[in-house]
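Commentary on secondary and tertiary structure
What follows is the residue order along each chain.
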Amino acid sequence: MSDAEENPLEETQKDGGTEMEEGEEEEEEEYNPDSVEVEDRQQESEEDDTLADKESQEAVEATEEEMEEQALAAQEAGAAGEEMEEQASAAQREAAAGVQEEARVERLVLTDSLLAVSGAFPQSLQPEGSKVSRGLSSQFEFNLDQNGFDKQQSSSPEKQPSGELEGTTGQKPNELEQERTGKPEKRKQSQKRRVSYVKSEEAKEFHLKAEIRKESLVSITTEDGLFKKDDSASTYPLTMTWSFGWNSSLPVYYLRDEAQRVLLYVCAHVAVIYDVFKNDQRHLQGHPNAISCLCVSEDRRWIATADKGPDCLIIIWDSFSGIPVHTIFDSCPKDCGIRAIAITHDAKYLATISDAEVQQVCIWKWTLAVEKPACTLELNQEYGFQNYLTFNPTNNKELVSNSKTQAIYYSWDEERNVLIHSAPLLTEKTFNKLVGKFSQSVFHLNLTQVLSATMEGKLVVWDINRLLASASSPLGFPHIKPCKLVHLQKEGITVLTTVDSYIVTGDIRGNIKFYDHTLSIVSWYSQFKLSTIRALSFSKTLPAPPTENSGFPPDCTLKGDSFIVRNFIIGTSDATVYHLTTDGTKLEKLFVEPKGAICAIACHPYQPFIAIGSLCGLIKVWDYEKKTYLFSRIFEKGLGVQSLTYNPEGVLLGAGFTEGTVYILDAMSLENGSPEPFRYSRTSVTHISFSHDSQYMATADMSFTVAVYKVIVKNGQRVWEYLARLRSHHKNIQSLLFGVHLDSNEPRLLSLGKDRLLIEYNLLKSYKDHLEVLDIHRTDQGSYPTCMVWYPPLTRELFLLICNSGYKVKLFNSTTKMCRKTLLGPTYGSPIEQIQILPVKTTSALQKRFMVFMNRDKVGLQILPVDGNPHKTTAIVCHPDGGAGMTLSYDGCYAFTAGGPDRSVVQWEINLRSWRTIFTILSSAVKVLIRWRPERCRNTFACQSFLLS
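On a predicted model such as this, the values are computed, not experimentally measured, just so you know.

**Structural notes on the overall build of the chain**
Helix and strand counts for the chain come out as 15 helices and 55 strands. Split into buried and exposed, the 949 residues of the chain put 53% on the buried side. For the chain, restricting intrachain contacts to residue pairs at least 6 apart in sequence, the fraction spanning at least 24 positions comes to 52%. Per element, the accessible surface of the chain, about 43,800 Å² overall, is 50% carbon and sulfur.

Here it is in structure tokens:
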């Protein structure tokens, strides 16, 4: 089936949009303020007469009767004829101005409604392949620019206020109409009949809000303005409210001073600005792929982020307002993405290194809002994979980068748009010593040398020769050459940077050391026993001068002066972030996040708690309403958390691990709820589920086996005991689900496999080491099932809803397992992988149910019942590299998604009110358009059918 056959509405909307645009062009060409044919104007008047509203006609007739009564009253009073004519003329002008103003308000209201429709969903929220929103926005296209809107009004006197018209033509509106049409009365009625269908004060407020600000938000926002924004009124059905975790392989930056303590770090495809004292986050969303690198300017005002993958972007953000001020598309060939990025200290230029096999170094004049780099240089593959880049802090035309084996110096000739580079080969024979692999490089404080740190604890010193060809320098371009190799310390150096008059290193042992310009050590911090240092970021505020009460430690020089340095942020390899206050040497742990992939999440059944499990063996419990960490437990090495589930009472937490172990934990302390864990599986436990009465627990593992555990009474205590296990599938188990029998309160257990088998087990007839199978049904022929859920009781018949790899959803009778209906499911680039029914708060909402789904990289929402309508779904990118888990809060207000390898969990606020508002605006806008200009709506029936759907 072709795309046109699948969605005929798209064709009609596209055609309708084309016809309307042509109609607008014809109208603009027909109208000429100097010469207009009378017949055309009469024909337009007649069309307006036929399309006028009855209420508008009554209003016009009432206006005319009032004018006639005034004229008769003036005659009876004996007023002069000339005075009567002046009064009538004034009344006519006021009435015409009022009608024209109402017409203008009508157009503004309609324009704002359409703006809400076309801008209600961001691009990521629109279904792939669905062009209804784009079709509507293109079919009814309005210019919202204030200048453009004024131009449209000035080109049509019938829609322009009388004062403006009189000022431009030098004639009064009535006189102009008499000259143009010869029928002033009929033209006057045509104007009055164009009355707005929405007559309220809200329309005027819309008009005021639509005016463009003279000053941009970027220019007027202060440093503390970002966290003063009120984000409570969400306009999208799914809104990111919090991000748990961070990408510890990327640096963390210190954005604000001590009074605020604001950090910048990355979670998946989002840059997070986190206020530690307020415990508040702001999210910089816009990347379609996971962010691969970021940097900040010296004044911490500008943030640059880049990603790698299809449709990769470079975005420059204003940290004061959180607004993206510039976006660079097509930043690298073949959508390979960006590997390293750097910004000059004055934030004037940006430099990037691509992530392709043949790397490109580009310099961007981003402040000029250009889409092409100022210069580009392709690097030789022999240089190795360059993964670090930085500018000279005092010279915007110099850069240095390094791979593990080679350092490269760059000199930018801006006049010729040429990037000159120097990459001398450095081997063990150069200094007759082992150099080691490079980690980072910086410019020396004296600005005549470059320093490169190695994993052997050494520094390579490079001399910079900026002179042209001469007797002493045969090379005709700036270059570097190795000068010396300094064995700085025993530990490998992972971070190298400069601050004030110090050269700073961080190493694999967690030590932070400070050197002067002669590479003599001044001070160090080694007493904290940290893990490998990944990032060091210093405050932009200079330290206060020492006083008698200051607690700065002494340096290690002979004088023993106080070691005064700025406060700084420390990021370590175990995903921990610290803040060090140098005055008094106070180390504070800001947050600890999982350092491994996050595959397991579960929400408490009646409390605002979420448990997050990581492959590093960490289970961490948060209060997701207060955004506070509650408690955690780290398991022994080799135990990675693969699945988590609370029991219905919320007192137990079942945990499945990667090596097959199953723990039953106390939900409030994470201590063992059973004396010993269960070790009946040799592969990763992918699913874990409890029955409704908490009498049974079932697990599924990677060896296609279902295991069941049961509560028994032993020595007067309720304990869990292994019942039986069965290898019932021959491919991966996709879902494991408990239910309740219709004729009793006994639990029932079902499993769904990738082998297209739906199996129900007989728990009553199962006994020790024997799991009885009740029935087996085949769900699909070609596609394979992906997930399963109990369908809410919206009808008398109870169903199981099963999604498959062919983007279909199927309803199976819960008793007979007969397929009753097959429908098209959400189509957002990949099939649905997980699905859950949104809980309801009140009984009145039982018939208005919603479904939350997750595919490979998106989380979405669908209105129930399922009927194949693609316009009842919405989705947004949650984890570009693939999601691993999804859960819902007990009250249905939040959805949580786990990102697996991106080591993050995202909390999404579900706003059903905005969902209904969007469809209300859509319905109102289309209805107004049909009513306002039905001759412009080519396919009125299609629009009405769409509204009914």
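What follows picks up the thread again.
**Examining the packing of aromatic side chains**
Following the criterion strictly, the structure yields 32 aromatic pairs and no others. When the centroid spacing of 6.0 Å and the interplanar angle of 70 degrees are considered together, the rings of Y274 and F591 count as edge-to-face. Of this pair, Y274 sits in strand β4 (residues 270-275) while F591 is found in strand β29 (residues 586-592), placing the two residues 317 residues apart along the sequence. Both residues of the pair, Y274 and F591, count as buried.

**A short note on the sheet that holds strand β26 (residues 533-538)**
The pairing of strands in a sheet comes from backbone hydrogen bonds and takes either a parallel or an antiparallel form. Strand order in the open sheet made by the four strands is β26-β27-β28-β29, with antiparallel pairing throughout. The open sheet terminates on both sides in strands that have one partner only, identified here as β26 and β29. When strand polarity is set aside, the average angle formed by the axes of neighbouring strands in this sheet is 20 degrees. Note: β26 against strand β27 (residues 568-572), five bridges, orientation antiparallel. Looking at the pairing, A535 lines up with G571 of β27.

**Observations regarding the nonpolar core**
Residues L263, Y265, V852, F896, V905 and W908 are the most contacted members of the largest nonpolar core, which totals 47 residues. With residues near it in sequence (within four places) discarded, F896 still touches F244, I601, C603, I610, Y624, G885, M886, T887, S889, V905, V906 and Q907. V262, C293, I303 and L350 belong to the second-largest nonpolar core, a separate cluster that totals 39 residues.

**Describing the sheet that holds strand β17 (residues 418-422)**
Ordered in space as β14-β15-β16-β17, the four strands form an open sheet in which the pairing is antiparallel. In this open sheet, the two strands that pair with only one neighbour each are β14 (388-392) and β17. Across the sheet, the mean angle separating the axes of adjacent strands is 25 degrees when strand polarity is ignored. Relative to β17, strand β16 (residues 407-413) is paired through five bridges, and the arrangement is antiparallel. When the sheet's bridge partners are listed, D413 is paired in β17 with V418.

What counts and what doesn't
Residues numbered from 1 in each chain as written. Predicted model: local features only at pLDDT ≥ 70, side-chain atom pairs only at ≥ 80, totals over all residues. Heavy atoms only, no water. Helix = DSSP H or I, 4+ residues; strand = E, 2+ residues; numbered from the N terminus. Buried < 20%, exposed > 50% of the residue type's maximum accessible area, 1.4 Å probe, protein only. Contact = heavy atoms within 4.5 Å. Areas by Shrake-Rupley, 256 points an atom, 1.4 Å probe, with all protein chains shown as cover. Phe/Tyr/Trp six-rings, centres within 6.5 Å; stacked < 30°, edge-to-face > 60°. Pairing = 2+ DSSP bridges. Axes fitted to C-alpha atoms, helices over the stretch in contact; angles between N-to-C directions. Core = buried A, V, L, I, M, F, W, Y, C linked by side-chain atoms within 4.5 Å.

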